[in-house]
Structures are given as C-alpha cells and as structure tokens.
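Notes for the structure review
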Amino acid sequence: MHIGHRIKEVMDQRHTSVVSVARELGCERTNVYNIFVREDINTRLLQQLSRTLNYDFFSDLSRETFGKKKN
C-alpha cells in the first residue's frame, strides 16, 4: 500500500481540505502535500492523521500485511 495515496484518498472521500489537516497537525499545507507522495510514514504522524480524519490507517496496513480474516 502506498500510504500517502491512501491518506489522500480518505481525505477526498471525507471532503477534508489540506488546509484543515495542516491546521490540525500544526504544519504548513506543503507538508501535507508532501505526505501524499510518501510510500511510508512515521507512526506518530500516522496516528495524528488517523485522529484528524477519524480513520484507522493502521487497520488498512494490518489487513495488507496479514490478509483479510475469513468468517
């Protein structure tokens, strides 16, 4: 999974602006745009993004690593 693309996708789905994410993270807009091109990310930053977007990116990564559970 390309985490930066996934973050951008979730932001788009939630109609969340780069400005509002930057404000929540306490950074410049350019930093958020830079996140979109990252293939990997610091866990603390991913935790902040998960809180900000109310989305569990860690679950996505876990599913990719271990596969989907069968019922």
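Residues numbered from 1 in each chain as written. Predicted model: local features only at pLDDT ≥ 70, side-chain atom pairs only at ≥ 80, totals over all residues. Heavy atoms only, no water.

The next subject is the packing of helix α2 (residues 18-25) against helix α4 (residues 43-53). Two numbers describe how α2 lies on α4: the axes approach to 10 Å, and their chain directions differ by 125°. By the angle class used here, α2 and α4 are oblique. Here α2 runs over α4; the crossing is right-handed. From α2, Val21, Glu24 and Leu25 reach across to α4, where they touch Leu45, Gln48, Leu49, Thr52 and Leu53. Its residues assigned to classes, the contact of α2 with α4 comprises five nonpolar, two polar and one charged. (Axes fitted to C-alpha atoms, helices over the stretch in contact; angles between N-to-C directions. Helix = DSSP H or I, 4+ residues; strand = E, 2+ residues; numbered from the N terminus. Parallel < 35°, antiparallel > 145°, perpendicular 65-115°, else oblique. Left-handed = near helix turned anticlockwise from the far one by under 90°. Contact = heavy atoms within 4.5 Å. Nonpolar A, V, L, I, M, F, W, Y, C, P; charged D, E, K, R; others polar.)

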